[in-house]
Amino acid sequence: MSASHPYDAIGIDRLREIGSYKWSTVPGAIGAFVAEMDFGVAPVITDALKATLDDGLTGYLPPRVARAMAESCSRWQRERYGWEVPAERIRHVGDVLTAMRVTIDHYTVAGSKIVLPTPSYMPFLKIPPMHDREIIEVPMLVEDGRYVLDLDGIDRAFAAGGGLLILCNPFNPVGRVFTRDELLAVSEVVARHGGRVFSDEIHAPLVFAPHRHVPYASISDEAAAHTITSTSASKSWNLPGLKTAQVILTNEADVETWAIPAVTRTEQGASNLGVIANTVAYDAGREWLDDTLDYLDGNRRLLGELLAEHIPAIGYTPPEGTYIAWLDARSLGIDGSPADFFLEEAGVALTDGAACGEAGEGFLRFILATPRPIIEQAVRQMAEALARREERPAA
Ligand SMILES: Cc1ncc(COP(=O)(O)O)c(C=O)c1O
């Protein structure tokens, strides 16, 4: 862990003054529940955004600007993950969840069910019902303390009418980065049932060595044939408010479907500023990302040390990727929601794992993309709340 970093000096007062979603929606609390970063914006991106505004390039998105982003994303995929994907196959949308909605509506059989490994990112549970789709939750298994996909469960889910697997890699909330062999095993199951995969790779740039991101559609022709991939620079460079993500199409039939006007129209959700910010992030934001990733690497370890010292009853395995920590609070003996307890008693706003499906009950999501002194303060406040509870006379 590096000794000290300029991010350490970003204080809570300043974060409240800026008033991001995380720091303004739960007044008075330490915001650790939304996947946002507290580290500002990479200066190369700020410069590009300022130049865009100075030029007044705020009309509709010019095709050459969109094309530049597709090319930069294509270069990023090749150079960072070794995946050759032509720029012509990379499209733009406003966000990854829009890509998922389009996939459900236009790339799956009407009425087919959504196969969802859990605990899952919360909107994956909420969105399919809005499209009249039933979800089959497939709880992950824990092997040697590590979450793994339940392939037999996924197999059964497809057999029971599943049409689309939502694969999140790196996996929010449990932080797994799936290996090529794990992905190959998934693709065998999906292909056996003629199923489809929506591969959400929004956290792909946020992977800690020695783990490596493997794009799912890159592992075989079979996987490419059944997958819609979506990614964005939005998590890794903190740009989600600029509304831009990429959809990567990996077979001709999917390209044809994208040409349906109702589908192509979703491209209009991407903003000029977002497209330009994503382009610059992929092309010129590596130094900032690598430095930030190094800091996050320190944060995930620091949280482990702090919990071991102050709240050893919380179970925690540092994430392999993402800046999301998944905390097992089941043995704390808290009645009801542990997130409510820590919000009310410790002033720390976390996500309740129950929002991630039944498999998440008793767990918490803690966002690590924050200055280290804030992680220390959050754990201290949580430990003190637990100590006060111990001291309270039994009712
Ligand atoms: C796995 C995952 N997918 C999608 C999103 C949302 O992305 P977007 O704002 O591009 O829809 C998030 C945000 O945290 C996420 O963690």
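Residues numbered from 1 in each chain as written. Predicted model: local features only at pLDDT ≥ 70, side-chain atom pairs only at ≥ 80, totals over all residues. Heavy atoms only, no water.

Draft legend 1. The arrangement of the overall build of the protein in detail. Secondary structure assignment for the protein yields 15 helices and 15 strands. Along the three orthogonal principal directions, the C-alpha set of the protein runs to about 65 × 55 × 35 Å. Relative to all contacts within the protein whose residues are 6 or more apart in sequence, the contacts with residues 24 or more apart total 74%. Accessible surface computed for the protein: about 16300 Å², of which carbon and sulfur atoms make up 52%. Separation of charge centres in the protein, based on 35 positive and 54 negative side chains, amounts to 3 Å. (Helix = DSSP H or I, 4+ residues; strand = E, 2+ residues; numbered from the N terminus. Contact = heavy atoms within 4.5 Å. Areas by Shrake-Rupley, 256 points an atom, 1.4 Å probe, with all protein chains shown as cover. Lys, Arg positive; Asp, Glu negative; His and termini not counted. Charge placed at Lys NZ, Arg CZ, Asp CG, Glu CD.)

Draft legend 2. Summary view of the site of the ligand. Taken together, Ala 35, Asp 95, Val 96, Leu 97, Tyr 121, Cys 168, Asn 172, Asp 200, Ile 202, His 203 and Lys 235 are the residues near the ligand. Separating a nitrogen atom of the ligand from a side-chain N or O atom of Asp 200 is a distance of 2.5 Å. A distance of 2.8 Å separates an oxygen atom of the ligand from a polar atom in the side chain of His 203. Protein contacts shield 92% of the accessible area of the ligand, which totals 400 Å² for the unbound molecule. (Near = heavy atom within 4 Å. Polar contact = N/O pair within 3.5 Å; in protein donor to acceptor, adjacent residues only side chain to side chain.)

Draft legend 3. Spatial organisation of the sheet that holds strand E14 (residues 351–352). Judged by pairing direction, the sheet is antiparallel, and its four strands sit side by side in the order E11-E12-E15-E14 without closing on themselves. Edge strands, defined here as strands with exactly one partner in the open sheet, are strand E11 (315–316) and E14. Relative to strand E15 (residues 363–367), E14 is paired through two bridges, and the arrangement is antiparallel. Paired with Thr 351 across the two strands is Arg 365, which belongs to E15. The strands that helix H14 (residues 338–346) touches are E14 and E15; relative to E15, the one it contacts most, it runs at about 55°. (Pairing = 2+ DSSP bridges. Axes fitted to C-alpha atoms, helices over the stretch in contact; angles between N-to-C directions.)

Draft legend 4. Examining the domain arrangement of the protein more closely. Per the domain assignment, the segments making up the protein are domain 1 (6–31 + 286–390) and domain 2 (59–284). Computed over C-alpha atoms only, the centres of domain 1 and domain 2 are separated by 27 Å. In this complex, domain 1 contributes 25 residues to the contact, which on the side of domain 2 involves 36 residues. It is Arg 286, Glu 320 and Thr 322 in domain 1 that bury the most area against domain 2; as a group they hold 33% of the surface buried on that side. (Domains from an automatic or database assignment. Buried area = accessible area lost by both parts, 1.4 Å probe.)

Draft legend 5. Fine view of the nonpolar core. In terms of nonpolar packing, the biggest core is built from 76 residues, with Trp 237, Tyr 323 and Phe 342 touching the most fellow members. Residue contributions to this core reach at least three from each of two domains, namely domain 1 (6–31 + 286–390) and domain 2 (59–284). Excluding its chain neighbours within four sequence positions, the residues that come into contact with Trp 237 are Ala 42, Ile 45, Trp 76, Pro 205, Ala 281, Tyr 282, Gly 285, Trp 288 and Leu 289. Ile 104, Val 190, Phe 198 and Val 214 belong to the second-largest nonpolar core, a separate cluster that totals 52 residues. (Core = buried A, V, L, I, M, F, W, Y, C linked by side-chain atoms within 4.5 Å. Buried < 20%, exposed > 50% of the residue type's maximum accessible area, 1.4 Å probe, protein only.)

Draft legend 6. Molecular detail of the side chain of Gln 246. As for its position among the elements, Gln 246 is in strand E10 (residues 245–249). At a separation of 2.7 Å, a polar atom in the side chain of Gln 246 contacts the side chain of Tyr 282. In this structure, Gln 246 is in contact with Met 69, Cys 73, Ile 90, Arg 91, Thr 229, Ser 230, Thr 231, Ser 232, Ala 233, Asn 278 and Tyr 282, ignoring residues within four places of it in sequence.

Draft legend 7. Just the packing of aromatic side chains, in detail. Applying the stated rule across the entire model yields twelve aromatic pairs. Between Tyr 21 and Phe 33 the ring centres are 6.4 Å apart and the planes differ by 50°, which places this aromatic pair in the tilted class. A residue pair is termed long-range when its members are at least 10 positions apart, and Tyr 21 in helix H2 (residues 21–24) and Phe 33 in the loop between strand E1 (30–31) and helix H3 (43–55) qualify at twelve residues. Between Trp 76 and Trp 237, the aromatic rings sit 5.5 Å apart at their centres with planes inclined by 75°, giving edge-to-face as the arrangement. Placement of Trp 76 in helix H4 (residues 63–81) and of Trp 237 in the loop between strand E9 (227–231) and E10 is noted, with a sequence separation of 161 residues between them. The class for Trp 237 is buried, based on a relative accessible area of 0%. Among the aromatic side chains, those forming a connected cluster through ring pairs are Trp 76, Tyr 81, Trp 237 and Tyr 282. The ring of Tyr 295 carries Arg 372 above its face, with NZ or CZ at 4.1 Å from the centroid. Across the ring face of Phe 341, the terminal group of Arg 389 is positioned such that the distance to the ring centre comes to 5.8 Å. (Phe/Tyr/Trp six-rings, centres within 6.5 Å; stacked < 30°, edge-to-face > 60°. Lys NZ or Arg CZ within 6 Å of the ring centre and 35° of its normal.)

Draft legend 8. Representation of the packing of helix H5 (residues 96–106) against helix H6 (residues 122–130). It is at 11 Å that the axes of H5 and H6 come closest, and there the two elements cross at 40°. Relative to H6, H5 is oriented oblique. For the element pair H5 and H6, the recorded crossing hand is right-handed. Contacts between H5 and H6 pair Leu 97, Met 100, Arg 101 and Ile 104 from the former with Pro 123, Phe 124, Ile 127, Pro 128 and Met 130 from the latter. Grouping the constituent residues of the contact of H5 with H6 by class yields eight nonpolar, no polar and one charged. (Parallel < 35°, antiparallel > 145°, perpendicular 65-115°, else oblique. Left-handed = near helix turned anticlockwise from the far one by under 90°. Nonpolar A, V, L, I, M, F, W, Y, C, P; charged D, E, K, R; others polar.)

Draft legend 9. Layout of the pairing of strand E2 (residues 90–93). Here E2 shows two buried faces, one formed by Ile 90 and His 92 and the other by Arg 91 and Val 93. As judged from the four bridges shared by E2 and E10, these two strands associate in the antiparallel manner. Across the sheet, the residue bridging to Arg 91 is Val 247, located in E10.

Draft legend 10. View of the side chain of His 131. The residue His 131 is located in the loop between H6 and strand E4 (135–139) in this model. Its relative accessible area of 16% is what places His 131 among the buried residues. Leaving out residues up to four positions away in the same chain, His 131 has contacts with Arg 101, Ile 104 and Asp 105.

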